[in-house]
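Remarks on the overall topology
This is what each chain is made of:
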Amino acid sequence: AAGKIIMSRVPGVMITQFVEQLPPGKSTPDFLQDPCFTAVLFFPGKQAFFKAMVSGEPPPAVTWGRTKGEMNDPEKYSTRYDERSREHVLEVSEETDSYKCFATNEFGQAVCAVTLNVNEVTRKKQLPVQKEGEIDPKLLELLLSAHKKDYERICLEFGVTDFRWLLKKLKQMKKEREDEQSKLENVKQIEMKSTGRAEFSFDMKLRDPNSAVNLYKDGTMIQYDDDKNSKHSLQKTDTNYLFSIKDPQKEDAGFYQVDVEETNIRITKLFSSLLVPDVGFEAKLKNTKVTLNEDAIFQCVLSTPLDKITWSKEDASLESGGKYEITISEDKLTHTLRIKDCQLADKGTYYAIAGITSSSASLAVQGIDDGTGKGNDGDKDRRAQFVRGLSDMNAKVGERAELSCKLNNETSEGRWYKNGKLLTEEDGVKIIKDGACHILVIECCKEDDTAVYRFEAEGRKSEATLNVQDPPRIDPDALGKFTNPVIVRVGENAEWKLPYTGGAPMNIQWYKNDDELLPAINVKIDKSDNESQLRLTKCQRKDTGEVKIKIKNEFGVIEAVSKLIVLDKPTPPQGPVEIVESAVTSVEFKWKPPKDNGGCPITNYIIERQQVGRNKWSNLGEIPGNPSYKDTDVDPGRRYCYRIRAKNAEGISDYLQTADIPAAYPGQPSTPKVVSAFRDCINLSWCPPCDTGGTKILGYNLEKNKTGTNYWSLVNQKGPITVKDVFEGAAYRFRVSAINLSGAGEPSIPCEAVIARDPKKPPGKVTDLKLTSSSYTTFSLSWTKPKEVKGIEDEAQGYYVEIRPIESLEWTRCNPTPISLTSYTVLGLKAMAAYWVRVIATNYGGDGEPQGFDNYLIAMPPPVRPRFKDRNMKTLMVVKSGNTVRLNINFEASPMPDISWVKDGISLLKHVTITNSDRGSQLLIPTSERSDSGIYTITVKNIVGQESFSVEIRVTDDPKPPGPIELDQNIPGTVTLSWTPSPDEKRDDRLHYMVSKRDSFNCTWRTVADNLFNNKFTVVNIMPGREYYFRVFAKNDMGLSPPSESPVFALKKEKGLCQFLCVLLEESDTQHPCYECEMSCAVKGNPAPRVTWYHNNISLNTNTNYHITNVCGVCSLLILRVAPQDNGEYKVIIENKLGSAESTMTLNVRGNIFEPSQWLPYKP
């Protein structure tokens, strides 16, 4: 991909950036180290390993390539990624070639080239033959070129199991090898020359003069020779190597390397980059003519901004500093070269080189006119010249300043000027001439000494600026007074005042414990031009610390430090209180001093004592500052509590209260342990107490308690270990207390109940071990009690259940005490984790053999095919645009299924949130839009099967009304409505229309049509003489739109003869005897005609067997049950005062089917 070339932090790497500007947090690929140095080279028949570490965001993909062909053969080439070392590795088998490593992401590509050389016949130095008892030379060569982490693997290939003793030898060989390698000096990076060639050079001493020197461009070897007219040439002079590129073009831009093959090791000696920017000169250099000692300026303007261009005089490059000053404008288009104090030697041609283009101009230097009209170029040898001119300098007020210059002869005299005014020693300065050196000395600088000073001698001059700075200063006496600590008591005020001098403006800052102080209620800061004062009011103990003032102006910064000490009473002594000794009549204990002594030493401690059980505290007096106390007035067997207060010069602290301290009695022994139990005796053991009470333990009192009673009986004083006073089958508990000179101490914690009976044999294995149920966190087990085998396996009295994660080797006991039931539920398992499970039967004779399952168990419910729980799940959901869509789908499945959602067969967009659990899934769209409409399908899949369910979600909005309504009458008695579609019709395929009407006689709106999906409808039964109003509504899933109303429609009522508009007959093949027959016709007349029906000339208007109606001009006759006697002629007569009309028809009933004939219209 096209892009711009940027430099890498690793030599030999070229980076192409695909985008103009990288997004925040993103980066192009790069190599963390040079793959050339991590390449491990082996001899024929071995593998070569190239290793690369890359970086970039997003992480780049790494690929490899070679110059001479493809890398498709897996037997010769293999790639892998080492997770531990984060290295990309290429393994190559005996393929001498140049290899490239490409690191690519969407923002760029980094390329690095390495070359593999298989050393065989071409080696200049053969390895020595291994002698018996010596190290194999091949092993050392491999270790020299390998990475440290590969040492162990290489040694194992040579049968060396302990390679650590080789490291000393290896270190020595590396030092010798480095001494053999070539060394670089005077390296000059690549740059364009005024001759139009790009050159770079260096000095290099080779151990082997026949070593090959190779040149690479972007990792690809290029050919060169020693002909200066060649495209690439190398000129060697003694130890200097000069590489040049003739007439560089844009395609020559790249990264150049020089590699030297020496002492069987490939060494990269030099890296240099040639950039060929697309730039030209908008304004070129112009010839310049200056007078001797003046400054000359060359300036050019570029077409493209550049950070730097090359300035040169003939073949010598010029750098900024000293004689030359190079400046660049802010837009980086204008580049300027200033030549200071021009001399005749400065004349010549100067070049500005930008990329592969250059501009040149000449500089002419004229001598100074001596009054004869001729320059003094010919007299330059007789006139004074500056060997060293004046230099700008800075000095501080009150310090000594010295300006000096040097001429080329000692006889020349000169004068000093200050801002153009001649200086003499009467002006307070010292003028010294020391041979060719001329010195101006100002012993004590003042602010008005800041000026431009000039020295002139025989028409020559040199100028310099002296800047006299006035940084902040503090009088030593005031500083000594300020540094003395300020000591105050709690609640008092502390003040500091410090005078200073220096140039204005001054910035004053006060600090306490490195935190800047700002004016506040208890902080007052006053400042003036030469003094600042700090006042801290109502100081507290926590205010103790360092107080610092920082004074700063444009010339410097000075600081002064003082200390604030706030005195207060001490904090309470620190616990815990440690008992040093507890004897019959004395107790000694110690504590820690207070954390804060209040700013002054602890002088005394005040001790109080209380006997436990009483309310009175007795004052035992004060002791010196040592934090320990021995109470010699205690009663044996009693407990005491002590209060300790610290005292200093400022007051007495709060107290530290100790816990109850017993006087002289020993502590509790350990809980007795049952060593063995029989039917007639029980053997016990225990450990002595940690606290002996300050005296020797004389013995123990052992007590027993029969289970079910509250009485403890003394078994034997002095503590026997074997208890014989027991009854077979009874359960006993035991406790023990230690005895010293003061008496018996507190008894120990009782042991667990033990039954006096002979030992039993451990039980056998449980049988019929089953997993009855399981979940993601539990196993439910059941088993059968093991059978008792007399003399071998006794009865089980309880069971232990143990589990072991499949990745662990240690069993964990689920129940610390045995259970008596033959079932157990293991809790707290990790979902979908695998466990080994076993059950151990036990009795007081010991644990039996464990019984486990043949296979491990997985913490999961029994496998269940996914199915959806809700039987009445909706398949359609209508949501108003902008509202939240929340769809909950409940299911059951085991194990935990994979859940996926798609919309119309494709993945969901990012704004749709899916929340899954083991029992359901929720789809959430916080703010819906019409584009969210579609069919959403959830798929629930596990190892048993999968199920899917689809829901159509329609996101719509209240419909917009249709456009204007147009009315058209094509058939008398009807009107056709047409309207412009609603704007929502194209966006909502379910939008339809509803038409309603009302007339002038009935004010109620009546729906005449619904579910219309077109834009036209014909309304019938329009009566003359009435006004009609129509409304058209747009309708969708959200409801009705506002109506679009039509103009008023009316038919004029005209008077005339009554007549039939049309004669209609609705035919119906009806089975005899229970089917209907209906005859109807349409009539009109003004005034409205009267209608009479006849059957065989007999009036039917009063016959209840016929149902006669006349609605809106439609006259109907309904025969409810057709019978054979209904055969005959039927006639309808209509008449008004203006005339009459009639129409007849014949009804034939044949068998079970009647066939009406056509109406026969009749005109009167």
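What comes next is a walk through the structure.

How each quantity is defined
Residues numbered from 1 in each chain as written. Predicted model: local features only at pLDDT ≥ 70, side-chain atom pairs only at ≥ 80, totals over all residues. Heavy atoms only, no water. Phe/Tyr/Trp six-rings, centres within 6.5 Å; stacked < 30°, edge-to-face > 60°. Helix = DSSP H or I, 4+ residues; strand = E, 2+ residues; numbered from the N terminus. Buried < 20%, exposed > 50% of the residue type's maximum accessible area, 1.4 Å probe, protein only. Lys NZ or Arg CZ within 6 Å of the ring centre and 35° of its normal. Pairing = 2+ DSSP bridges. Core = buried A, V, L, I, M, F, W, Y, C linked by side-chain atoms within 4.5 Å. Contact = heavy atoms within 4.5 Å. Salt bridge = Lys/Arg side-chain N within 4 Å of Asp/Glu carboxyl O. Axes fitted to C-alpha atoms, helices over the stretch in contact; angles between N-to-C directions.

1. Considerations on the packing of aromatic side chains
Under the definition given, this model contains 18 aromatic pairs. Seen from their ring centres, Trp 416 and Phe 455 are 5.0 Å apart, and the 55° between their planes marks the pair as tilted. Of the two residues, Trp 416 sits in strand 31 (residues 415-418) while Phe 455 sits in strand 35 (residues 451-457), which places them 39 residues apart along the sequence. Given the relative accessible area of 0%, Phe 455 is considered buried. With a centroid separation of 6.0 Å and an interplanar angle of 50°, the aromatic rings of Phe 482 and Trp 510 are classed as tilted. In this pair, Phe 482 is assigned in helix 5 (residues 476-483) and Trp 510 in strand 39 (residues 507-512), connecting sequence segments 28 residues apart. Look at Trp 510 and you get buried, because its relative accessible area is 1%. Taken together, the aromatic side chains of Phe 589, Trp 591, Tyr 605, Tyr 629 and Tyr 642 make up a single cluster linked through ring pairs. For Arg 643, the ring lying beneath its charged end belongs to Trp 617, and the centroid distance is 4.0 Å. Over the ring of Tyr 1029 we find Arg 998; its NZ or CZ atom is 4.3 Å from the centre of that ring.

2. With respect to the pairing of strand 76 (residues 934-941)
Working note: regular strand, side chains alternate between the two faces of the sheet. The buried fraction of strand 76 is high, at 6 of 8 residues. Bridging between strand 73 (residues 898-903) and strand 76 involves 6 bridges; their strand directions are antiparallel. Paired with Trp 901 across the strands is Ile 938, a residue of strand 76. Bridge count between strand 76 and strand 77 (residues 946-956): 8 bridges; the pairing is antiparallel. Residue pairing across strands places Thr 939 opposite Ser 948, the latter belonging to strand 77.

3. Re the nonpolar core
Ranked by internal contacts, the top residues of the largest apolar core, which has 24 residues, are Phe 298, Trp 311, Ile 339 and Leu 363. A per-element tally of this core places strand 21 (residues 296-302) first, with 4 residues. Those residues in contact with Trp 311 that lie beyond four places of it in its chain are Leu 285, Phe 298, Cys 300, Ala 316, Ser 317, Leu 318, Ile 326, His 335, Thr 336, Leu 337, Tyr 351 and Ala 352. With 23 residues, the next largest nonpolar core counts Trp 496, Ile 508, Trp 510 and Val 566 among its residues.

4. A few points about the pattern of salt bridges
As enumerated under the stated definition, the model contains 41 salt bridges in all. Among the salt bridges present, the one from Asp 989 reaches Arg 954, with a minimum N-O distance of 3.0 Å. One end of the pair, Asp 989, is in the loop between strand 79 (975-979) and strand 80 (992-999); the other, Arg 954, is in strand 77, with 35 residues separating them in the sequence. Note on Asp 989: relative accessible area 61%, which makes it exposed. Among the residues examined, Arg 954 registers a relative accessible area of 13% and is labelled buried.

5. So, the sheet that holds strand 24 (residues 324-328)
In spatial order, the strands read 19-21-25-24; together these 4 strands make up an open sheet with antiparallel pairing. Edge positions in the open sheet fall to strand 19 (281-283) and strand 24, since each of these has one partner strand only. Between one strand and the next, the sheet's axes are offset by a mean angle of 25°, whatever the strand orientation. Bridging between strand 19 and strand 21 involves 2 bridges; their strand directions are antiparallel. Counterpart to Ala 283 in the pairing with strand 21 is Val 301.

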